[in-house]
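# Secondary and tertiary structure notes
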Amino acid sequence: MKHCDSQLHVTGRSEYVDDVSPPAGLLHAAVFGSPIAHGEIQSLDTSKAREIPGVIAIYTFDDIPGEAYFGAIVQDEPLFADNKVFFQGQAIALVVAETYEIARQGVKACAVNIDPLPVITCPREAFAKGELHQELRVFEKGDVDANWSKCETVVEGSIDLAGQEHLYLETNRCRSIPCEDGQLKVYSSTQSPSVTQKTIAHILGLPMNKVEVDVKRLGGGFGGKEDQATHWACMASLAAFLLQKPCQLVLSRSDDMRMTGKRHPYKQDFKIGLDSDGRILAYEVSHYQNSGAFMDLSNPVLERTCLHSTNSYAIPHVRIRAVPCRTNLPSNTAFRGFGGPQGMFPLEVAIEKVAQKLSVSPDWIQERNLARSGYVFHYGQELEDDRLHRTWQETKESFDLETRRQAIADFNKKHSSKKRGLALMPVCFGISFTKTFLNQGSSLVHVYTDGTVSVTTGGIEMGQGVSSNMIAICSRVFGIPHDRILCNSTNTSRIANISPSAASATSDLNGNATIIACREILAGMKKVAATKLKCEPEEVTIVDGRVHCSGKASELDWNTLVLESYFARVQLMAHGFYTPPNISFDPVVGWGRPFHYYTYGTCLIEATVDCIQGTYTIDTAKLVHDLGRGIIPSVDLGQVEGGLAQGIGWVTLEELAFSDDGQLLSNALSTYKCPDGDFLPDDIEVKFLENADNPGGPLGSKAVGEPPFMYGMAAFFAIRRAVEAFSPIEEEETKSPITPEQTLLKLYPNAAHSLTANATKLKK
Ligand code: MTE
Ligand code: HPA
Ligand code: MOS
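I will try to describe carefully the structure that is included in this document. Nothing here was measured: the structure is a model prediction, and the numbers come from that model.

### As for the pairing of strand β15 (residues 266-274)
The side chains of a regular strand alternate between the sheet's two faces. Of all 9 residues in β15, 7 are buried; the element is thus mostly enclosed. Where strand β10 (residues 153-161) meets β15, 9 bridges bridge the pair, whose relative direction is antiparallel. Paired with Ser158 across the bridge in β15 is Asp269. Relative to strand β16 (residues 280-292), β15 runs antiparallel, the two being bridged by 9 bridges. Opposite Phe270, over in β16, you have Val285 as the bridge partner. Counted between consecutive antiparallel strands, the loop separating β15 from β16 contains 5 residues, among which Gly278 sits at a positive phi close to 85°.

Right, here's the structure in full:
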């Protein structure tokens, strides 16, 4: 089986929000956003915009009929600015017009007079000034302070870790249609239909049952539409509700880049101590999260940063300090890995620095410190198997680590202007929402009298293949070909209280619910078959659409059995509900068993640096990934390769640039470079761990959506090791991404020093 949308995608027939034929009289909206990052609004002049023929209405804070403030964790964000603006691009007004072009013209004609206030873009500065979304949190294990003196080697450092633009192909959009009696039907590109439904109701002062949200698929979400598709759905719905006319809001690429939050950038300080055997005795890290203007999901993102701060390693003494800092940037938000990558990064930097000091290879330290079964993480969860270790060993062995290491050493001896490097990256990523209540999935399965099946779940198809997985699951549980099954749109009227499609858990939660629903239907049908075939229901199986009795094919086929069951008045639709067992987490104490299980893997990346230009190539990426028993191999491979590519982009090319006054400079694809097919390694090899059934996942599978992202970090270290072979790296702060420009500065530290000095002089 392939991804069920692949044919539609490559022929351009798959439908997104604004592909469906527009309803008569559809209006279009566009957003007027703040031109500056922080200030007090003195006056807003929309009179010129209102004069433009075709402009229907302009809405601001005062037009919100319900509650103006909303937010997943803290209701601190107004739909439109309320006297003050807190980031460049923050919505001030919505222009509604007859066409998209007129709406945009209307936006251009709006004028606002804002008294500027000081702008903060750096989380360290925000921290120093007490601009916090929440107090500092500390996770502790053992006694860090008492152990530094027992360490043979101690290294400290600071990190400037950049964010990342989601760059989903489909920008944020929504179409909202008023229906009878004040009801709304909303087509939104959201990962969280129920949050969108609830927030629209909240903003408009409607009961939730009057708002129906429907999602066929997204052109990518990557976390960017977990919490931040809501704003645009609320705005389109506000206009639809107040005007009682259908209204659509589609963000342009540059508006989407300016107005929405991204992966959180962090500033970090670390200290690591090793004993004489190369074992990490103590590790301390401080995370200054650049949270942006409002809380959004910063709190759970930072929590996952804390949980994954020791990644795959067993460390007896740990202290993690973390604080979400308020800055004048768009509120940063969920992004593949959900804070996990930011947690893992500093420890890898620390290991690299220690290795450099000890003149050993970083993977020697990595290997010596890999966590084994029985290890208890600093938040209380125990590692229950040794699969992490298996992926590490298999990566080393099946990809000939030692041969590669030697080949690189030989190459570096022979070449003076090109250098190569390699790095390994082990990943141990917890699967479940850390907000335990979100771990629930629902599925509604219908078997029609012609034998075809439709399945609706809480899962949102965003390219990751959840619809295909649901079809595959129905196909295997029922024992019928997958082309008899269709996966429907996700809809709040068919499934209530849907958890976001996120945390890599969508197929797990909704897939297990689908199994429950299918089995309930099947149980009734098997009784009908048993009566007909004169056997026991337990003896009945269905294979390839043919009913079997005690393993022997009978004359009865699926279609006939369905019809017979219908005439026997047997229930042919069922709702399945699933929650994973044995998870709980106390966020206040920071203790519990937050994860249903872990997804593991190890990746090896090699890079070559041109030491004259600072450019580089990523030559190979080879990895062993624990997929459990995968559901659809091509879909899983797509997730692994896609995650890897996005991870490589984060630490190499993708450079978000804000000016000191909070303007997004990298506001188009001409100034924000993301990896393309040319940049990615030609030699990508993915091996799935064998004999690795996962009892917790549907059909033995494991969640795969986010973990592969973190493999990409190996590219950062492979490039640095190539640089090291040319000239030792000396730095006060380790900066990611390592763009070609950064690489050049690392290659020529003396030139870099004078360049920086000159730049400072010029600025003054
Ligand atoms: N893959 C594609 N093609 N598009 C996406 O938007 N989102 C990622 C990942 N893979 C994404 C993707 C993120 S952030 C998550 S959490 C998971 O998919 C969500 O889907 P899952 O729970 O089914 O893995
Ligand atoms: N992952 C992704 N999204 C989330 C989480 C999480 O752990 N918690 C709340 N939203
Ligand atoms: Mo993914 S960041 O959990 O949407």
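Still more to cover.
### Looking at unusual backbone geometry
Here the residue pair Ser736 and Pro737 is connected by a cis peptide bond, since its omega of 10° sits within 30 degrees of zero. Along the chain, the position of Pro737 falls in the loop between β32 (733-736) and α19 (740-747). At Asn582, a residue that is not glycine, the phi angle is positive and equals roughly 60°. Following the sequence through the fold, Asn582 ends up in the loop between β26 (573-578) and β27 (584-586). A residue is classified by how much of its surface remains accessible, and Asn582, at 64% relative accessible area, is exposed.

### A few points about the pattern of salt bridges
Under the definition given, this model contains 40 salt bridges. Taking the shortest distance from any N to any O, the salt bridge between Asp386 and Arg372 comes out at 3.6 Å. Highlighted residues: Asp386 in the loop between α11 (362-368) and α12 (387-398) and Arg372 in the loop between α11 and α12, separated in sequence by 14 residues. Overall, the relative accessible area of 41% leaves Arg372 in the partly exposed class. Among the salt bridges present, the one from Arg420 reaches Glu606, with a minimum N-O distance of 3.9 Å. One end of the pair, Arg420, is in strand β18 (residues 418-431); the other, Glu606, is in strand β29 (residues 597-610), with 186 residues separating them in the sequence. Several salt bridges converge on common partners, so that one network encompasses Glu352, Lys353, Arg720, Arg721, Glu731 and Lys746.

### As for helix α18 (residues 713-724)
Over its 12 residues, α18 runs 17 Å from end to end, which matches the ideal 16 Å to within 8%, given 1.5 Å per residue. In terms of residue burial, α18 counts as a mostly covered element, since 11 of its 12 residues are buried. Every buried residue belonging to α18 is among Met713, Ala714, Ala715, Phe716, Phe717, Ala718, Ile719, Arg720, Arg721, Ala722 and Val723, and all of these are buried.

### Quick look at the nonpolar core
Counting 93 residues, the largest nonpolar core has Ile272, Tyr283, Phe345, Ile605 and Ile618 as its most contacted members. The leading source of residues in this core is α18, at 9 residues. Not counting chain neighbours up to four residues away, the residues in contact with Ile618 comprise Ile605, Glu606, Ala607, Ile648, Phe679, Leu680, Pro681, Ala715 and Ile719. Core analysis: the second largest hydrophobic core is formed by 40 residues, Tyr59, Cys174, Ala236 and Cys247 among them.

### Considering the packing of α19 against helix α20 (residues 749-763)
Close contact between α19 and α20 brings their axes to 5 Å; oriented N to C, the two are set at 110°. With respect to each other, α19 and α20 are oriented roughly perpendicular. Of the residues in α20, those touching α19 at Leu745, Lys746 and Leu747 are Pro749, Ala752 and Leu755.

### A word on the site of ligand 1
As a matter of local geometry, ligand 1 sits amid 17 residues, with Gly221, Phe222, Met462, Thr506 and Gln639 nearest to it. Within the side chain of Arg336, an N or O atom sits 3.2 Å from a nitrogen atom of ligand 1. Coverage of ligand 1 by the protein chains reaches 92% of its 510 Å² of free accessible surface. A breakdown of the residues in the shell around ligand 1 according to their chemical character gives 5 nonpolar, 10 polar and 2 charged. Composition of the shell around ligand 1 by domain shows at least three residues from each of domain 1 (383-431 + 595-764) and domain 2 (440-579).

Conventions adopted
- Residues numbered from 1 in each chain as written.
- Chains lettered and ligands numbered in written order.
- Predicted model: local features only at pLDDT ≥ 70, side-chain atom pairs only at ≥ 80, totals over all residues.
- Heavy atoms only, no water.
- Buried < 20%, exposed > 50% of the residue type's maximum accessible area, 1.4 Å probe, protein only.
- Helix = DSSP H or I, 4+ residues; strand = E, 2+ residues; numbered from the N terminus.
- Pairing = 2+ DSSP bridges.
- Salt bridge = Lys/Arg side-chain N within 4 Å of Asp/Glu carboxyl O.
- Expected span 1.5 Å × (residues − 1).
- Core = buried A, V, L, I, M, F, W, Y, C linked by side-chain atoms within 4.5 Å.
- Contact = heavy atoms within 4.5 Å.
- Axes fitted to C-alpha atoms, helices over the stretch in contact; angles between N-to-C directions.
- Parallel < 35°, antiparallel > 145°, perpendicular 65-115°, else oblique.
- Near = heavy atom within 4 Å.
- Polar contact = N/O pair within 3.5 Å; in protein donor to acceptor, adjacent residues only side chain to side chain.
- Areas by Shrake-Rupley, 256 points an atom, 1.4 Å probe, with all protein chains shown as cover.
- Nonpolar A, V, L, I, M, F, W, Y, C, P; charged D, E, K, R; others polar.
- Domains from an automatic or database assignment.

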